[in-house]
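Residue-level structural notes
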Amino acid sequence: MFLVQYTGLNQLPFDPANNNEPLQFGSASGPLVTEGLLENGGESSKKRKRTNAPSADNSRTLNVDSTAMTLPMSDPTAWATAMNNLGMAPLGIAGQPILPDFDPALGMMTGIPPITPMMPGLGIVPPPIPPDMPVVKEIIHCKSCTLFPPNPNLPPPATRERPPGCKTVFVGGLPENGTEQIIVEVFEQCGEIIAIRKSKKNFCHIRFAEEYMVDKALYLSGYRIRLGSSTDKKDTGRLHVDFAQARDDLYEWECKQRMLAREERHRRRMEEERLRPPSPPPVVHYSDHECSVVAEKLKDDSKFSEAVQTLLTWIERGEVNRRSANNFYSMIQSANSHVRRLVNEKATHEKDMEEAKEKFKQALSGILIQFEQIVAVYHSASKQKAWDHFTKAQRKNISVWCKQAEEIRNIHNDELMGIRREEEMEMSDDEIEETTETKETEESVSQAEALKEENDSLRWQLDAYRNEVELLKQEQGKALREDDPNKEQQLKLLQQALQGMQQHLLKVQEEYKRKEAELEKIKDDKLQVEKMLENLKEKIYREMTAKEDRKRELTDYQKNENCASRMCASSQDSDYPLEKTLNSSPIKSEREALLVGIISTFLHVHPFGASIEYICSYLHRLDNKICTSDVECLMSRLQHTFKQEMTGVGASLEKRWKFCGFEGLKLT
């Protein structure tokens with residue numbers, strides 16, 4: 001097997017796995033490995049610091065000791081034969097092919113990448129290799145030891161999950177006689193070593209300066225190491241390199257993440273400040289001088305908006321008091337004077353808009369007239385008198401142009417008709433107001449429905465006439481002859497019919513408004529009659545109540561008379577039993593019976609009773625005309641149904657009414 005011997009490798013100032021630039025080989029004047037003094041302490045776990053001297057020119061150069069590298073190439077034919085047997089294209093030191101007509105298919109060992117002087121054994125990491133192809137590693141010679149590569153057919157060594165910000169590696173399988181100097185000599189080519197912590201059990205931890213150096217160190221995992229030329233077991237071992245979790249790495253990684261987060265927050269804050277709209281100018285505080293300035297600005301149309309904003313801010317701040325009320329009133333009055341100006345401006349803009357609409361409509365009408373003339377030219381050209389003189393291609397073009405012109409003319413005609421229809425609808429919407437209240441009287445409802453049906457029928461007829469006019473216009477455009485007197489007469493008749501329908505529609509709308517006013521008047525009269533009826537019922541109810549009170553007093557007086565008068569009274573009662581029943585009953589009307597039922601239900605759900613004000617507040621939700629004294633008088637008459645109790649002590653003493661109908665039923 002062909003071997004390349006060299007003394008050692010310097011650390012690379014770049015990541016060779018991501019670099020594709022050609023390397024420059026420098027002189028061997030400087031030392032290959034910078035030696036430093038290492039302290040051999042008593043404890044094996046003590047950290048060691050080491051710093052490499054930087055390159056003189058900071059360029060991506062590789063210092064190779066030309067005396068230490070020997071390439072046995074005395075017979076170029078033997079070199080080419082060996083490379084051909086391995087299935088690799090033989091190259092020279094400069095990278096030129098030795099055999100230009102080399103066939104890779106003649107090789108005996110397929111699937112192995114070719115070995116060239118430009119490969120990692122000489123300090124260069126090879127180009128990316130497919131993952132399914134085994135990687136062949138070469139022998140690495142150092143000053144004090146030699147590294148032999150593992151079998152390429154074996155699977156790659158297993159590694160743990162990489163911790164975040166990992167810069168520390170675990171190196172196991174070291175020889176028992178291995179020293180820190182040998183470890184530095186092997187792993188210094190991967191990058192700058194910050195610290196080494198060696199254990200007595202043939203393993204150590206190495207911390208590098210950068211994270212990418214850990215990947216270079218993992219490349220040495222699986223190598224067999226031999227110290228010098230000794231084959232003793234204590235001088236050999238198999239390296240196992242893996243990621244290690246260190247607190248320092250995690251702390252630096254967290255600090256870096258926090259720094260990136262701070263930078264991101266700062267960048268976002270700057271972006272938000274850049275995109276934030278500028279703040280409005282501050283509003284000055286109120287003073288007499290500023291008040292006079294704002295008052296002058298309020299009179300100026302150009303500065304009115306700014307002055308109004310200042311006035312609004314002052315009022316919201318609470319600057320208005322007795323002393324400044326007159327000043328604020330004058331400023332508000334000045335602001336109010338601009339209302340008429342704004343209304344006039346609005347009217348002016350509306351007038352301009354109407355004029356623009358009219359101009360647009362006139363221009364569109366002119367365009368339609370020109371389209372009609374163009375279509376007429378096409379139709380004239382289509383007549384047999386002129387049509388026979390055109391060629392076939394010219395006839396085809398004229399037909400296409402005529403069709404396009406008719407389509408564009410119809411589109412513009414529809415647009416103009418739509419504008420006129422919108423104007424007519426706006427006029428009808430302004431004049432017709434929809435009724436919001438239902439018709440109560442049958443006569444008014446029937447009239448309104450008849451008017452609506454008539455109005456709808458007229459609208460439908462009007463739409464039908466419009467559709468007929470549009471169809472006639474389209475037929476007129478498609479016809480070969482334009483000057484047909486019958487069609488012109490039909491159009492005139494249709495226009496006259498449309499005008500008559502519009503006049504009839506206006507008359508119907510006026511009649512509809514008149515009927516609606518009469519209906520409103522009937523409603524007002526009905527409401528007045530209902531109010532008078534209610535007042536009359538109230539008066540009758542009061543008179544009946546007064547009569548019942550007088551009758552009750554008379555009956556009490558009659559009970560104290562002699563036996564003869566009692567007999568007479570009893571005979572009178574027997575003659576009029578219905579009247580006696582009505583006079584002696586505590587409930588005088590159906591309204592009082594309803595009140596008794598509602599109050600009983602209300603007090604039944606209030607077992608601890610309720611005050612007369614609470615009861616009346618509930619009844620007022622049902623009827624606002626209920627009087628508190630009437631309710632209290634009614635409840636006092638029904639002693640077996642309601643009873644009044646005193647609750648509370650001292651100032652909280654309160655009269656409450658309770659429902660005792662179930663107890664009173666047993667007593668009566």
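All of the points below concern the structure found in this document. (Residues numbered from 1 in each chain as written. Predicted model: local features only at pLDDT ≥ 70, side-chain atom pairs only at ≥ 80, totals over all residues. Heavy atoms only, no water.)

1. Some remarks on the packing of helix α6 (residues 304-317) against helix α7 (residues 325-336)
Counted only if it meets this: The axes are straight lines fitted to the C-alpha atoms, using for helices just the contacting stretch, and the angles between their N-to-C directions are given from 0 to 180°. Helix numbering and strand numbering both begin at the N terminus, where a helix is a DSSP run of H or I of at least 4 residues and a strand a DSSP run of E of at least 2. The scheme is simple: roughly parallel for angles under 35 degrees, roughly antiparallel for over 145, roughly perpendicular for 65 to 115, oblique for anything else. What makes a crossing left-handed is the near helix being turned counterclockwise from the far one by less than a right angle; a clockwise turn instead makes it right-handed. Throughout, a contact is declared for two residues whenever any of their heavy atoms are within 4.5 Å. By the convention adopted, Pro, Cys, Tyr, Trp, Phe, Met, Ile, Leu, Val and Ala count as nonpolar, Lys, Arg, Asp and Glu as charged, and the other residues, Gly among them, as polar.
Following both chains from N to C, one finds α6 and α7 inclined at 140 degrees, their axes separated by 11 Å at the closest point. When the axes of α6 and α7 are compared, the pair comes out oblique. Judged by the sense of rotation from one axis to the other, the crossing of α6 with α7 is left-handed. Residue-level contacts link Phe304, Leu311, Trp314 and Ile315 of α6 to Phe328, Met331, Ile332 and Ala335 of α7. The residue inventory of the contact of α6 with α7, partitioned by class, reads eight nonpolar, no polar and no charged.

2. Side note on the sheet that holds strand β6 (residues 193-198)
Basically, it comes down to this: When DSSP finds at least two bridges between two strands, those strands are taken to pair.
As summarised here, the arrangement of the four strands in space is β6-β7-β5-β10, forming an open sheet in which the pairing is antiparallel. Since the sheet does not close on itself, it has two edges, and those belong to β6 and β10 (240-243), each with one partner. Geometrically, the sheet is characterised by an average inter-axis angle of 20 degrees between neighbouring strands, direction not taken into account. Pairing analysis gives five bridges linking β6 to strand β7 (residues 203-208), with the strands arranged antiparallel. Considered in β7, the bridge of Ile196 is made with Ile206. Along the sheet, helix α2 (residues 180-187) contacts β5 (168-172), β6, β7 and β10; its crossing angle with β6, the most-contacted strand, is approximately 140 degrees.

3. Some words on the nonpolar core
Stated formally: The term nonpolar core refers to a set of buried residues drawn from Ala, Val, Leu, Ile, Met, Phe, Trp, Tyr and Cys, joined through side-chain atoms within 4.5 Å. For each residue, the accessible area found with a 1.4 Å probe, counting protein chains only, is set against the maximum for its type, and the residue is called buried under 20%, exposed over 50%, and partly exposed in between.
Ranked by size, the top nonpolar core spans 31 residues in total, and within it Val171, Phe187, Ile206 and Phe208 carry the most contacts. Looking at this core, the elements with two or more residues in it are β4 (145-148), β5, α2, β6, β7, α3 (212-218), β8 (224-227) and β10. With five residues, the top contributor of residues to this core is α2. Core analysis: the next-biggest nonpolar cluster, separate from the first, contains 17 residues, Ile599, Phe602, Cys616 and Leu638 among them.

4. Section: helix α17 (residues 628-637)
What counts, and what does not: Directions drawn from the helix axis to the C-beta atoms are what define this arc.
Along α17, the positions that sit buried rather than exposed are Val631, Leu634 and Met635. Take α17 and look down its axis: the buried residues cluster within an arc of 95 degrees, on one side only. Of the surrounding elements, those touching the buried residues of α17 are α15 (590-604), α16 (612-620), β11 (642-647) and β12 (654-659).

5. So, a nonpolar patch on the surface
The test is simple: Surface patches are drawn from residues lacking salt bridges whose relative accessible area is over 30%; two like charges belong together within 9 Å, two nonpolar side chains (Val, Leu, Ile, Met, Phe, Trp, Tyr) within 5 Å. Shrake-Rupley sampling with a 1.4 Å probe provides the accessible areas, and residues are treated as covered by the protein chains on show and by no other component. A pair is scored as a salt bridge if a Lys or Arg side-chain nitrogen falls within 4 Å of a carboxyl oxygen belonging to Asp or Glu.
Judged by side-chain polarity, Leu533, Leu536, Ile540 and Met544 come together as a nonpolar surface patch covering roughly 370 Å² of accessible area. Residue position: Leu533 is located in helix α12 (residues 485-559).

6. A closer look at the pairing of β8
Every regular strand shows the same layout, with side chains that alternate between the two sheet faces. Side chains Ile225 and Leu227 of β8 all project onto a buried face; the interleaved residues Arg224 and Arg226 project onto a face where none is buried. The pairing of β4 with β8 spans four bridges and is antiparallel. Bridge pairing in β8 links Leu147 to Ile225. Here three bridges tie β8 to strand β9 (residues 236-238), and the two strands are oriented antiparallel to one another. Bridging across to β9, Ile225 finds its partner in Gly237.

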